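The lines below spell out each chain.
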Amino acid sequence: MGESISVMVVEDDPSIADLLNSYLSKEGYRVLLASQGKRALELFRQEKLSLIVLDVGLPGDLDGLEVCKAIRQTSQVPIIMLTARDSEIDKVLGLELGADDYVTKPFSPRELTSRVKAILRRSTQSAEPSAEPIRLGEIQLDLKTREVFLQGEPIPMTVREFDLLSYLFRNRRLALNRRQLLDGVWGVDWYGDDRTVDVHVRQLRRKLKGHLPLTTVWGVGYRLD
Ligand code: CA
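Calculation rules
Residues numbered from 1 in each chain as written. Predicted model: local features only at pLDDT ≥ 70, side-chain atom pairs only at ≥ 80, totals over all residues. Heavy atoms only, no water. Donors = N, O, S within 2.8 Å, 3.2 Å for Na, K, Ca; no water. Helix = DSSP H or I, 4+ residues; strand = E, 2+ residues; numbered from the N terminus. Buried < 20%, exposed > 50% of the residue type's maximum accessible area, 1.4 Å probe, protein only. Domains from an automatic or database assignment. Contact = heavy atoms within 4.5 Å. Buried area = accessible area lost by both parts, 1.4 Å probe. Salt bridge = Lys/Arg side-chain N within 4 Å of Asp/Glu carboxyl O. Polar contact = N/O pair within 3.5 Å; in protein donor to acceptor, adjacent residues only side chain to side chain. Nonpolar A, V, L, I, M, F, W, Y, C, P; charged D, E, K, R; others polar.

## Details of the coordination of the calcium ion
Then step 1. The calcium ion binds to the protein through Asp12 (OD), Asp55 (OD) and Gly57 (O); the donor distances cover 2.2 to 2.4 Å.
Then step 2. Of note, the donors binding the calcium ion are all from one chain and are spaced D-x42-D-x1-G. You can see aspartate 12 sitting in the loop between strand S1 (6–10) and helix H1 (14–26) and its partner aspartate 55 sitting in strand S3 (residues 51–55), a full 43 residues away along the chain.
Then step 3. Take aspartate 55: its relative accessible area is 5%, and that puts it in the buried class.

The structure is reproduced here in structure tokens:
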């Protein structure tokens, strides 16, 4: 038995929190519950968390977006946001603040659980142990440790950002449309929209400070040169 994987659920609706608690516990995860942003940040500081499920609409001083932003200042722990169906802006903002994924309410707990498992599998896998680091200009990608370096300096990446970057690296010189990128990086069962790709591309460009030779192919998608 390995050490248990801790997942924090930040949700003020007790019925949803209970439901997620029981589903995730059944998967063998240690589940920590917080119903307010402040408490979530306390637990985040005290505990070694492997993933956070974070409701956007929280009572009190800090909503989910602010919690996400605060966590991203020090940590790349995977975050799945729970957003209200009618709030497009929350989805985009959540991704821009560094969330890895979002699920729209009402959602199926089974679906959310499979997202959690998929992200944890990616973030914990020791992928391609024989792979040599890939270098492109000033950027270096270490597939073994899932680290990215720009001019030798480590650049923190979320799970999805890293996956997107490595996918682009592995498919250099190919024009990839957004659907291919969604399928290749987020998985074929992903039902999010194209904007998810654009937001992550924007993050990569910003973090890599103009060193990413990524071309927007008009009407298609993106190509890494
Ligand atoms: Ca709520």
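## Observations concerning the domain arrangement of the protein chain
Then step 1. Here the domain parsing of the protein chain yields domain 1 (6–124) and domain 2 (134–224).
Then step 2. Using C-alpha coordinates to define each centre, domain 1 is positioned 23 Å away from domain 2.
Then step 3. At the junction of the two partners, domain 1 supplies 19 residues and domain 2 supplies 21 residues.
Then step 4. Summed over both sides, the interface of domain 1 with domain 2 buries roughly 1,700 Å², with 47% coming from carbon and sulfur.
Then step 5. At the boundary of domain 1 with domain 2, the tally comes to two salt bridges.
Then step 6. For arginine 160, the salt bridge identified is with aspartate 101, shortest N-O distance 3.0 Å.
Then step 7. The interface formed by domain 1 and domain 2 holds eight residue pairs in polar contact (both at pLDDT 80 or more) in total.
Then step 8. Looking at the side of domain 1 that touches domain 2, the elements that each hand over two or more residues are helix H4 (88–96), strand S5 (101–105) and helix H5 (109–124).
Then step 9. Of the residues forming the side of domain 1 that touches domain 2, the biggest block, five residues, is contributed by H5.
Then step 10. Per-class residue counts for the side of domain 1 that touches domain 2 are eight nonpolar, three polar and eight charged.

## As for the side chain of arginine 72
Then step 1. Considering the arrangement of structural elements, one finds arginine 72 in helix H3 (residues 64–72).
Then step 2. The class for arginine 72 is buried, based on a relative accessible area of 13%.
Then step 3. A polar contact is formed between the side chain of arginine 72 and the backbone oxygen of serine 75, at a distance of 2.9 Å.

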